[in-house]
Amino acid sequence: MHKIDIELVEMTMDVMKYAIDRISASNRQIGHPKAAEELKALVGETITPKGIGGEVAFNLWKKHLMNANVSIDHPRHLAFVPASPTRAAIMFDLVTSASSIHGAYWMEGAGGIFCENEAMKWMVSLTGLPKGAFGVFTSGGTAANLSAIVTAREYWRRLDEKNKNEKGLIITSIGAHSSVKAMAKVIDADVLYVDTEDKMHASNLQIMIESLTSNQRKRLFSIVATAGTTNAGIIDDLKGIAEICKKEKLWFHVDAAYGGGALLSDSVKHLFAGIEEADSITIDPHKWLFSPYDCGAIIYKNPELAKQAHEQEGSYLDIFKDEGSQGFNPADYQIQLTRRVRGLPLWFSLAMHGTDRYKQAVERGIELAQIAGRLIEEMPHVELVREPSLSCVLYRRIGWKPEDYKAWTYKNHRKGFALVTPTKWKGGDTFETVSRFCFINPDTTEHDIKMILESMV
């Protein structure tokens with residue numbers, strides 16, 4: 001099965017034709033899931049001792065399985081945080097896979113890592129971090145957040161031998177991404193939440209710190225702020241939080257997985273003031289920097305601290321530290337050893353199109369949120385929950401209950417019209433079910449938004 005034969009050549013041509021058709025398509029289906037039992041009935045047994053053949057398997061994919069997925073780059077996919085990879089980035093994702101590069105160490109992946117580092121230099125420049133700051137591409141925001149907090153925890157333990165036996169403590173807000181709580185479980189740290197889904201202000205954080213017991217204060221090692229919450233696009237008081245972290249000697253991590261792309265935007269970049277003071281920053285290029293899945297990134301003010309936390313030891317790894325193979329080793333700065341060169345598609349797309357076009361595409365997402373806000377204010381059956389923030393819009397259908405939002409979501413999705421899902425927003429002491437837009441795709445139109453809103457009548 002590793003040999004080249006005519007079947008492989010023909011399958012390669014079929015796959016390339018599929019890729020060309022998918023990349024160049026201007027009108028595609030949004031897609032929706034089917035039950036596993038239904039899919040099994042459609043395709044039958046696919047894994048057999050003798051195999052079913054590439055042509056049969058590929059036809060099953062094209063006829064039945066492909067359409068049981070949601071096209072995350074569909075212009076009316078406005079749920080969660082969607083994605084809209086450039087065609088250039090998708091093309092180079094094919095090149096990345098075909099090139100078979102192990103991107104953990106310079107010795108094996110120098111060319112690919114060089115390209116990643118060029119893209120990373122540009123990303124670091126957006127943050128305003130001081131000279132010497134640098135980062136590495138990860139599988140996504142969860143891996144990036146985990147890498148950052150492991151670095152922070154290990155640094156805290158090195159500062160004082162007594163901390164080695166202590167269970168660390170993190171403070172964030174209830175608006176923080178779910179991965180913050182998840183990665184705290186992984187490293188066995190406790191998390192305390194400032195009780196706001198809106199902007200976390202320095203004053204609220206200071207009150208919480210002052211309310212800690214002496215044991216909790218001793219265990220507190222990091223504050224996690226958010227620059228673009230997933231639910232509503234809210235940016236915390238980064239400048240005020242940075243000052244507290246400096247005063248209290250705490251690691252300042254900023255999760256900008258979604259919002260980090262907006263650092264390109266002249267219209268909103270001022271909202272990120274203080275991010276340049278962070279010790280670490282998460283940004284997901286597969287969100288608002290138009291890369292294909294999966295591509296996250298973690299950036300450190302002092303990369304050496306990350307290397308001290310993550311560098312792996314093993315006799316089989318010694319050669320990578322030899323002076324004959326010296327270079328930037330991505331595996332030393334995050335939790336993963338084996339890794340593909342995820343930043344290559346971003347590099348190629350940036351090189352092909354230039355950063356000005358990226359800026360225009362990000363600005364379009366912000367503009368679409370403002371357009372949606374205006375349309376909502378003009379329509380009598382819907383109203384804004386809060387002003388649009390970055391490219392997120394929270395709104396309610398007047399008179400609807402939670403089950404109405406769900407029924408509407410499923411109806412539109414089954415029809416192949418749109419995917420817009422409900423969320424919850426905390427107002428006072430209660431959580432209200434509302435609807436939500438998140439705009440990433442610059443191909444979304446005002447007409448798309450209007451049709452979706454009108455479908456709620």
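Before any of the text, the structure's been laid out above.
Below is a short write-up of the structure. (Residues numbered from 1 in each chain as written. Predicted model: local features only at pLDDT ≥ 70, side-chain atom pairs only at ≥ 80, totals over all residues. Heavy atoms only, no water.)

At a minimum axis separation of 10 Å, helix α1 (residues 6-24) and helix α4 (residues 87-99) run at an interaxial angle of 165 degrees. Taken together, the axes of α1 and α4 are roughly antiparallel relative to one another. Considering how the two elements wind past one another, α1 and α4 form a crossing that is right-handed. Mapping the contact onto sequence places Ala19, Ile23 and Ser24 in α1 and Arg87, Ile90, Met91 and Leu94 in α4. (Axes fitted to C-alpha atoms, helices over the stretch in contact; angles between N-to-C directions. Helix = DSSP H or I, 4+ residues; strand = E, 2+ residues; numbered from the N terminus. Parallel < 35°, antiparallel > 145°, perpendicular 65-115°, else oblique. Left-handed = near helix turned anticlockwise from the far one by under 90°. Contact = heavy atoms within 4.5 Å.)

Take a negative patch on the surface next. On the surface, a cluster of negative charge is made up of Asp5, Glu7, Glu10, Asp14 and Glu55. Take the negative patch: its biggest share by element is 3 residues, from α1. As for its placement among the helices and strands, Asp14 is situated in helix α1. Take Asp14: its relative accessible area is 34%, and that puts it in the partly exposed class. (Patch = residues over 30% accessible without salt bridge, like charges linked within 9 Å, V, L, I, M, F, W, Y side chains within 5 Å. Areas by Shrake-Rupley, 256 points an atom, 1.4 Å probe, with all protein chains shown as cover. Salt bridge = Lys/Arg side-chain N within 4 Å of Asp/Glu carboxyl O. Lys, Arg positive; Asp, Glu negative; His and termini not counted. Charge placed at Lys NZ, Arg CZ, Asp CG, Glu CD. Buried < 20%, exposed > 50% of the residue type's maximum accessible area, 1.4 Å probe, protein only.)

Most peptide bonds take the trans form, and the phi angle of most residues other than glycine is negative. Residue Asp294 is bonded to the preceding Tyr293 through a cis peptide linkage, with omega at -10 degrees. Among the structural elements, Asp294 can be located in the loop between α11 (285-288) and β7 (296-300). Non-glycine residue Phe80 carries a positive phi angle of around 55 degrees. Locating Phe80 in the fold gives a position in the loop between α3 (54-65) and α4.

Moving on, we get to the nonpolar core. Across soluble globular proteins, you tend to see nonpolar side chains buried next to one another. Grouped together as the largest cluster of nonpolar side chains are 73 residues, with contacts concentrated most on Met123, Ile171, Phe252, Val254, Phe272 and Trp288. With 8 residues, the single largest contributor to this core is helix α5 (residues 106-127). Once you skip the residues sitting within four places of it in the chain, Val254 turns out to touch Ala225, Ala227, Leu238, Ile275, Ala278, Ser280, Ile281 and Thr282. The next biggest cluster of nonpolar side chains, apart from the first, holds 23 residues, and it includes Met379, Val382, Leu384 and Trp408. (Core = buried A, V, L, I, M, F, W, Y, C linked by side-chain atoms within 4.5 Å.)

Before going further, it helps to spend a moment on the packing of α5 against helix α13 (residues 344-353). For the pair α5 and α13, interaxial distance at closest approach is 8 Å and the crossing angle is 65 degrees. The pairing of α5 with α13 is recorded here as roughly perpendicular in orientation. The hand of the α5/α13 crossing is left-handed. Where α5 abuts α13, its residues Gly112, Cys115, Glu116, Glu118, Ala119, Trp122 and Met123 lie against Leu344, Leu346, Trp347 and Leu350. Of the residues contributing to the contact of α5 with α13, the split by class is 8 nonpolar, 1 polar and 2 charged. (Nonpolar A, V, L, I, M, F, W, Y, C, P; charged D, E, K, R; others polar.)

Of all the 5 residues making up strand β1 (residues 134-138), 5 are buried; the element is thus mostly covered by neighbouring parts of the structure. Taken together, the 5 bridges between β1 and β7 define a ladder with antiparallel strand orientation. Looking at the pairing, Gly135 lines up with Ile299 of β7. (Pairing = 2+ DSSP bridges.)

With respect to topology, 4 strands assemble into an open sheet ordered β8-β9-β11-β10, the strand pairing being antiparallel. In this open sheet, the two edge strands, each paired with only one partner strand, are β8 (382-384) and β10 (422-427). Adjacent strand axes in the sheet meet at a mean angle of 50 degrees, parallel and antiparallel pairs treated alike. Note: β10 against strand β11 (residues 430-438), 6 bridges, orientation antiparallel. Opposite Lys424, over in β11, you have Thr433 as the bridge partner. Helix α15 (residues 402-414) contacts β9 (392-397), β10 and β11 of the sheet and is inclined by roughly 25 degrees relative to β11.

Bringing the pairing of strand β3 (residues 190-194) into the picture now. Sheet analysis places strand β2 (residues 169-173) next to β3, joined by 5 bridges and oriented parallel. Bridge pairing in β3 places Thr172 opposite Tyr193. The parallel pair β2 and β3 is bridged by helix α7 (residues 178-186), and the resulting crossover is right-handed. (Right-handed = clockwise from strand over helix to strand, strands pointing away.)

What follows deals with α15. A rise of 1.5 Å per residue sets the reference length of α15, with its 13 residues, at 18 Å; its end C-alpha atoms lie 19 Å apart and thus fit the reference within 8%. For α15, every residue scored as buried is listed here: Tyr405, Trp408, Thr409, Asn412 and His413. Along the axis of α15, the buried positions cluster into a sector of 125 degrees, meaning they face one direction only. Of the exposed residues in α15, those oriented more than 90 degrees away from the buried face are Lys406, Tyr410 and Arg414. Where α15 is buried, its residues contact β9, β10, β11 and α16 (446-454). The positive-phi residue at the C-terminal boundary of α15 is Gly416, with phi of around 75 degrees. (Expected span 1.5 Å × (residues − 1). Arc of directions from axis to C-beta.)

Further remarks concern the pattern of salt bridges. For the structure on display, the rule yields 27 salt bridges. Between Lys164 and Glu161 there is a salt bridge; the shortest N-O distance is 3.4 Å. Classification of Lys164 as partly exposed rests on a relative accessible area of 44%. Of the charged contacts, one joins Glu446 and Arg374 as a salt bridge, the two residues approaching to 3.0 Å between their closest N and O atoms.

Within the element layout of this structure, Ser280 appears in strand β6 (residues 280-283). A distance of 2.7 Å separates a polar atom in the side chain of Ser280 from a polar atom in the side chain of His253. Every residue in contact with Ser280, bar those within four places of it in the chain, is listed here: Ala148, Trp251, Phe252, His253, Val254, Ile298, Ile299 and Tyr300. (Polar contact = N/O pair within 3.5 Å; in protein donor to acceptor, adjacent residues only side chain to side chain.)

The mixed open sheet is built from 7 strands, whose spatial order is β1-β7-β6-β5-β4-β2-β3. Since the sheet does not close on itself, it has two edges, and those belong to β1 and β3, each with one partner. Neighbour-to-neighbour, the strand axes of the sheet open up by a mean angle of 20 degrees, direction not taken into account. The strands that helix α8 (residues 202-210) touches are β2, β3 and β4 (220-226); relative to β3, the one it contacts most, it runs at about 135 degrees.

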